[in-house]
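Chain residues, written in single-letter form:
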Protein chains: 2
Amino acid sequence: MPEHFSFTLLKTDGMARRGEFVTPHGRVQTPAFMPVGTAATVKGLHPEAVRETGAEIVLGNTYHLMLRPGPERIAALGGLHKFMNWPLPILTDSGGFQVMSLSSLRKLTEQAVTFRSHLDGTMFELSPERAIEIQALLGADITMQLDECLRLPATRAEIERAMQLSLRWGERSKRAFEARAREGYGLFGIVQGGDDIPLRIESARRLGEIGFHGYAIGGLAVGEPQAVMLKVVEETAPVLPADQPRYLMGVGTPHDLIESVKRGIDMFDCVMPTRNGRHGMAFTRYGSINLSNARHANDPRPLDEASRHPAARAYSRAYLHHLTKANEILGQVLLSTINIAYYQELMAGMREAIAGGQFADFHAATLAGWENGDIPAL
Amino acid sequence: MPEHFSFTLLKTDGMARRGEFVTPHGRVQTPAFMPVGTAATVKGLHPEAVRETGAEIVLGNTYHLMLRPGPERIAALGGLHKFMNWPLPILTDSGGFQVMSLSSLRKLTEQAVTFRSHLDGTMFELSPERAIEIQALLGADITMQLDECLRLPATRAEIERAMQLSLRWGERSKRAFEARAREGYGLFGIVQGGDDIPLRIESARRLGEIGFHGYAIGGLAVGEPQAVMLKVVEETAPVLPADQPRYLMGVGTPHDLIESVKRGIDMFDCVMPTRNGRHGMAFTRYGSINLSNARHANDPRPLDEASRHPAARAYSRAYLHHLTKANEILGQVLLSTINIAYYQELMAGMREAIAGGQFADFHAATLAGWENGDIPAL
């Protein structure tokens with residue numbers, strides 16, 4: 001019988017937390033970074049290659065999968081794990097964020113949101129209950145409640161209205177999830193409230209009263225300054241239950257991750273390592289490196305000879321530069337892989353540091369590595 | 001000390017030949033198919049993945065590499081094997097075919113061809129001697145002479161003029177290659193003569209008199225009917241030295257390969273498995289399968305459960321259809337890999353059949369598999 005969702009807080013170091021959660025498809029060490037498998041694939045990577053970066057869980061996008069190939073189809077084919085050949089845990093978002101950012105002709109009521117697919121114009125309706133149903137069809141280990149994501153800037157009244165609606169949708173989500181909770185799957189609520197700290201605190205407090213298996217902070221990483229995001233994280237995280245996981249959605253740069261872990265976040269997802277990799281940018285312990293820059297054209301050195309991942313050690317910067325300039329698929333594949341591997345290496349470093357009570361030292365050393373910048377060109 | 005180029009004819013079965021050649025970077029069993037690594041990468045595949053398809057040799061394109069990143073740069077970085085992380089044999093073409101098909105403003109003299117790069121308009125000159133020099137800078141195990149590839153249709157006089165020029169360029173290539181031949185590398189001459197059998201025979205005979213390590217048949221697979229191509233192969237192959245390898249350039253479909261092996265060809269290269277894979281087409285023992293067709297959308301079966309390659313067994317047709325429709329990189333990668341693996345499986349099957357004196361049976365069974373077509377839709 002598969003294990004039921006649970007979270008164990010193993011160690012704290014300041015506000016930083018070292019933990020582990022259990023799902024029906026396996027265990028995940030936190031702080032954890034989840035590569036994004038938008039359309040049932042982490043773009044460009046074989047599932048085995050995702051695993052070899054050190055990732056223990058991936059994210060799937062309900063919005064994309066409901067449009068194509070459709071959740072009923074994936075269920076008939078045995079669920080998302082089988083469909084994409086990924087046997088480890090999967091968290092799915094609820095679709096709320098992409099409905100806001102990708103679709104057109106949205107109409108929002110208390111009951112549901114209706115919208116037009118950005119692919120072919122088909123109309124869809126997404127209610128809290130349908131979001132739960134879709135994620136059950138996909139077979140998600142962790143399900144996210146449907147929330148209303150606002151485009152910012154918005155008035156305080158608008159932010160509060162959306163936050164209150166998201167709370168009511170959280171309650172409906174919890175009711176709709178009861179059978180699935182009994183089977184051992186996890187449901188996370190989502191804190192909203194924009195950049196308004198009192199609203200964020202109210203949202204976090206009331207979600208805790210409803211009671212979920214974990215809590216996400218949503219509606220950030222939508223263009224606000226990093227300081228605003230970190231302020232919201234800093235004020236919100238302590239209000240959330242200490243014995244449950246905290247997930248900062250859609251974040252972010254390596255610097256965002258280390259600063260957010262410092263403030264008590266356990267989980268992240270972001271398209272940045274794959275999206276930027278497809279555009280020739282590498283994330284490394286030397287900071288980010290633009291492989292399309294001509295200074296790499298004759299450089300026989302690897303991106304990072306001390307990396308834990310072979311792709312960061314085996315290919316020269318000159319070769320990665322060449323592949324990037326020639327717009328070769330292999331360049332996109334290698335840089336996406338190298339970037340996810342760096343994110344995983346960063347998370348592993350944070351986990352080890354927290355476990356050893358050395359997070360402040362690790363934080364300082366990591367930032368110094370980025371700030372000192374890349375190795376000099378030959 | 002690396003081994004010198006040599007070819008051993010191990011077995012014949014009708015006109016079909018089972019052989020082996022030795023190069024400074026290893027041995028290759030023939031009949032062999034060489035995946036095309038145009039721009040120092042077999043499009044979409046890690047070099048380890050190319051190896052895992054069963055490929056023992058890849059082809060590099062002199063034209064593409066001389067334009068970008070440049071042969072002197074690759075030499076300074078340790079040669080093409082090191083640059084692209086491919087430790088096994090590499091054959092490079094001479095650039096003649098791409099000069100004809102891709103560049104503009106060609107000017108041909110007895111001495112050389114000058115042309116304008118299709119990338120940025122830079123002018124380049126390619127002589128037989130420079131083609132040898134470039135391929136030495138790349139570190140090719142097998143070097144191809146520069147030849148003149150005509151656009152067809154052309155008059156007999158034009159075809160003969162180009163054939164005679166290619167012979168003179170073959171002589172110059174051999175002289176320019178002397179030092180490299182002493183180091184153990186191989187040089188192949190190229191038969192030209194269009195669809196004119198007497199010209200083809202003269203070209204083949206005179207190349208044999210000059211003396212190369214192997215012989216290619218060029219100027220085919222440029223749009224002529226398959227019957228014309230096979231007629232040229234059938235009439236030309238017997239004129240070539242029996243104890244040296246024969247390479248049919250730029251060919252072809254699986255059916256082209258089996259018909260050409262039947263007529264005495266030992267080596268092939270073609271972009272078809274990767275190019276068609278990137279466009280959603282799979283080559284299998286059931287024939288070619290268009291994964292973008294909606295009949296695959298709900299099909300949980302793999303492309304070929306009896307394939308030797310795990311990717312053809314592990315992913316459902318429904319998933320490959322989804323990736324193709326969503327234009328996901330992983331779909332292009334998986335189908336390119338599956339197609340090269342099928343080509344390698346076909347070559348391995350031919351090698352085993354020839355060794356066992358069963359080529360006619362293998363030929364009949366393989367064609368029957370393709371002609372019976374794909375498994376019925378569910």
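Anything mentioned here points back to the structure above.
Report on the accompanying structure. (Residues numbered from 1 in each chain as written. Chains lettered and ligands numbered in written order. Predicted model: local features only at pLDDT ≥ 70, side-chain atom pairs only at ≥ 80, totals over all residues. Heavy atoms only, no water.)

**Observations regarding the overall build of chain A**
Per the secondary structure count, chain A includes 16 helices and 16 strands. Scaling as 2.2 N^0.38, a compact globule of 378 residues should have a C-alpha radius of gyration of about 21 Å, and chain A matches this with 20 Å. When its C-alpha atoms are laid out on the principal axes, chain A stretches across 60 × 50 × 45 Å. Intrachain contacts of chain A at a sequence separation of at least 6 include 66% that bridge at least 24 residues. Counting every atom, chain A has about 13800 Å² of accessible surface; 52% of that belongs to carbon and sulfur. (Helix = DSSP H or I, 4+ residues; strand = E, 2+ residues; numbered from the N terminus. Rg over C-alpha atoms; globule rule 2.2 N^0.38 Å. Contact = heavy atoms within 4.5 Å. Areas by Shrake-Rupley, 256 points an atom, 1.4 Å probe, with all protein chains shown as cover.)

**With respect to the environment of R18(B)**
Residues and elements named next belong to chain B. Along the polypeptide, R18 turns up in strand 2 (residues 16–23). Separated by 247 residues in the primary sequence, R18 and I265 place their C-alpha atoms 9.8 Å from one another. A polar atom in the side chain of R18 sits 3.1 Å from the backbone oxygen of T30. (Polar contact = N/O pair within 3.5 Å; in protein donor to acceptor, adjacent residues only side chain to side chain.)

**What about the relation of the copies chain B and chain A?**
What connects the two chain copies is a rotation about an axis and a shift along it. Screw-axis analysis of chain B against chain A gives a translation of 0.0 Å along the axis, an RMSD of 0.0 Å, and a rotation angle of 180°. Such a combination of turn and shift is consistent with a two-fold rotation axis. Minimal C-alpha distance to the rotation axis in chain B is attained by I329(B), lying at 3.8 Å. A shared binding surface is used by both copies, with 100% of the interface residues of chain B retained as interface residues in chain A. (Least-squares fit on C-alpha atoms with pLDDT ≥ 70 in both.)

**Quick word on the interface of chain B and chain A**
In this assembly, 35 residues from chain B lie in contact with 35 residues from chain A. E328(A) is paired through a salt bridge with K43(B); the nearest N and O atoms lie 2.5 Å apart. Along the contact surface separating chain B from chain A lie 14 residue pairs in polar contact (both at pLDDT 80 or more). Contributions of two or more residues to the side of chain B that touches chain A are made by helix 1 (47–52), helix 14 (317–325) and helix 15 (329–355) of chain B. Its residues assigned to classes, the side of chain B that touches chain A shows 20 nonpolar, seven polar and eight charged. (Salt bridge = Lys/Arg side-chain N within 4 Å of Asp/Glu carboxyl O. Nonpolar A, V, L, I, M, F, W, Y, C, P; charged D, E, K, R; others polar.)

**Regarding the sheet that holds strand 3 (residues 26–30) of chain A**
All names here are of chain A. If you trace the three strands from one edge of the open sheet to the other, you get 1-2-3, paired in antiparallel fashion. Because the sheet does not close on itself, it has two edges, and the strands there are strand 1 (6–13) and strand 3. Taking the axes of each pair of neighbouring strands and ignoring which way they run, one obtains an average angle of 10° across the sheet. As defined by bridge partners, strand 1 adjoins strand 2 (residues 16–23) across seven bridges and the pair is classed as antiparallel. (Pairing = 2+ DSSP bridges. Axes fitted to C-alpha atoms, helices over the stretch in contact; angles between N-to-C directions.)

**Looking at the packing of helix 6 (residues 128–138) of chain B against helix 7 (residues 156–176) of chain B**
The angle between the axes and the distance between the axes are what describe a pair of packed helices. Residue and element names in this part refer to chain B. Direction vectors running N to C along helix 6 and helix 7 enclose 45°, while the axes themselves pass 8 Å from each other. Classified by the interaxial angle, the pair formed by helix 6 and helix 7 is oblique. The crossing of helix 6 and helix 7 is right-handed. Note on element contacts: helix 7 touches helix 6 through W169, R172, S173 and A176, opposite P128, E129 and I132. (Parallel < 35°, antiparallel > 145°, perpendicular 65-115°, else oblique. Left-handed = near helix turned anticlockwise from the far one by under 90°.)

**Topic: the packing of aromatic side chains**
Residue and element names in this part refer to chain A. According to the stated counting rule, one finds 18 aromatic pairs over all chains in the structure shown. Plain terms: the ring middles of F115 and F124 are 5.8 Å apart, the flat faces sit at 15° to each other, and that makes the pair stacked. By relative accessible area, F115 is classed as buried at 0%. An aromatic cluster of at least three residues, connected via ring pairs, comprises F5, F21 and F188. Positioned above the aromatic ring of Y185 is the side chain of R180, whose terminal nitrogen or guanidinium carbon lies 3.6 Å from the ring centre. (Phe/Tyr/Trp six-rings, centres within 6.5 Å; stacked < 30°, edge-to-face > 60°. Buried < 20%, exposed > 50% of the residue type's maximum accessible area, 1.4 Å probe, protein only. Lys NZ or Arg CZ within 6 Å of the ring centre and 35° of its normal.)

**Some words on helix 10 (residues 226–236) of chain A**
Three- or four-residue spacings in an α-helix give side chains the same orientation, since the helix completes a turn every 3.6 residues. All names here are of chain A. The set of residues buried in helix 10 consists of M229, L230, V232, V233 and T236. Taken down its axis, helix 10 places every buried residue within 155° of arc, on the same side. Turning to helix 10, the residues buried within the fold contact strand 11 (186–191), helix 9 (197–210), strand 12 (214–217), strand 13 (246–248) and helix 11 (254–262). (Arc of directions from axis to C-beta.)

**Quick look at the packing of helix 14 (residues 317–325) of chain A against helix 15 (residues 329–355) of chain A**
All names here are of chain A. Packing of helix 14 against helix 15 brings their axes to within 8 Å, and their N-to-C directions diverge by 125°. Between helix 14 and helix 15, the interaxial angle falls into the category oblique. Classified by chirality, the crossing of helix 15 by helix 14 is left-handed. Packed against helix 14, whose contacting residues are Y319, L320, L323 and T324, the element helix 15 presents L330, G331, L334, L335 and I338 at the interface. Here the contact of helix 14 with helix 15 is composed, by residue class, of seven nonpolar, two polar and no charged.

**Some words on the pairing of strand 15 (residues 281–284) of chain B**
Residue and element names in this part refer to chain B. Here strand 15 runs beside strand 16 (residues 287–290); their pairing, made up of four bridges, is antiparallel. The residue bridging T284 from the neighbouring strand is G287, located in strand 16. As consecutive antiparallel partners, strand 15 and strand 16 are separated by two residues.

**Thoughts on helix 6 (residues 128–138) of chain A**
Residue and element names in this part refer to chain A. Three or more residues of helix 6 are buried, namely P128, A131, I132, I134, Q135 and L138. Buried positions in helix 6, seen along its axis, are confined to an arc of 165° and lie on one side of it. Directly beyond the C-terminal end of helix 6, a positive phi value near 90° is found at G139.

**Points about the pairing of strand 3 of chain A**
Residues and elements named next belong to chain A. Pairing analysis gives five bridges linking strand 2 to strand 3, with the strands arranged antiparallel. The residue of strand 3 that forms the bridge with V22 is R27. Where strand 2 folds back on strand 3, the antiparallel hairpin that results is connected by two residues.

**Some words on a nonpolar patch on the surface**
All names here are of chain A. On the surface, a nonpolar cluster with roughly 210 Å² of combined accessible area is contributed by F97, L152 and V222. Relative to the assigned elements, V222 resides in the loop between strand 12 and helix 10. Residue classification places V222 among the partly exposed positions, given a relative accessible area of 31%. (Patch = residues over 30% accessible without salt bridge, like charges linked within 9 Å, V, L, I, M, F, W, Y side chains within 5 Å.)

**Observations regarding the sheet that holds strand 8 (residues 113–116) of chain A**
Residue and element names in this part refer to chain A. Here we have three strands laid out as an open sheet, ordered 7-8-9, and antiparallel in their pairing. The open sheet terminates on both sides in strands that have one partner only, identified here as strand 7 (104–108) and strand 9 (123–126). Looking at each pair of strands side by side, their axes are set apart by 15° on average, direction ignored.

**A closer look at the environment of E56(B)**
Residue and element names in this part refer to chain B. By secondary structure assignment, the location of E56 is in the loop between helix 1 and strand 5 (58–60). Here the alpha-carbon distance between E56 and H279, two residues 223 residues apart in the chain, equals 25 Å. If sequence neighbours within four positions are ignored, E56 has contacts with R27, V28, Q29, R51, W86, L88 and P89.

**What to know about the environment of V271(B)**
Residue and element names in this part refer to chain B. Structurally, V271 can be placed in the loop between strand 14 (267–270) and helix 12 (272–278). Assessed through its relative accessible area of 27%, V271 is described here as partly exposed. For the pair V271 and G37, spaced 234 residues apart in sequence, the C-alpha to C-alpha distance is 8.7 Å. Not counting chain neighbours up to four residues away, the residues in contact with V271 comprise V36 and N276.

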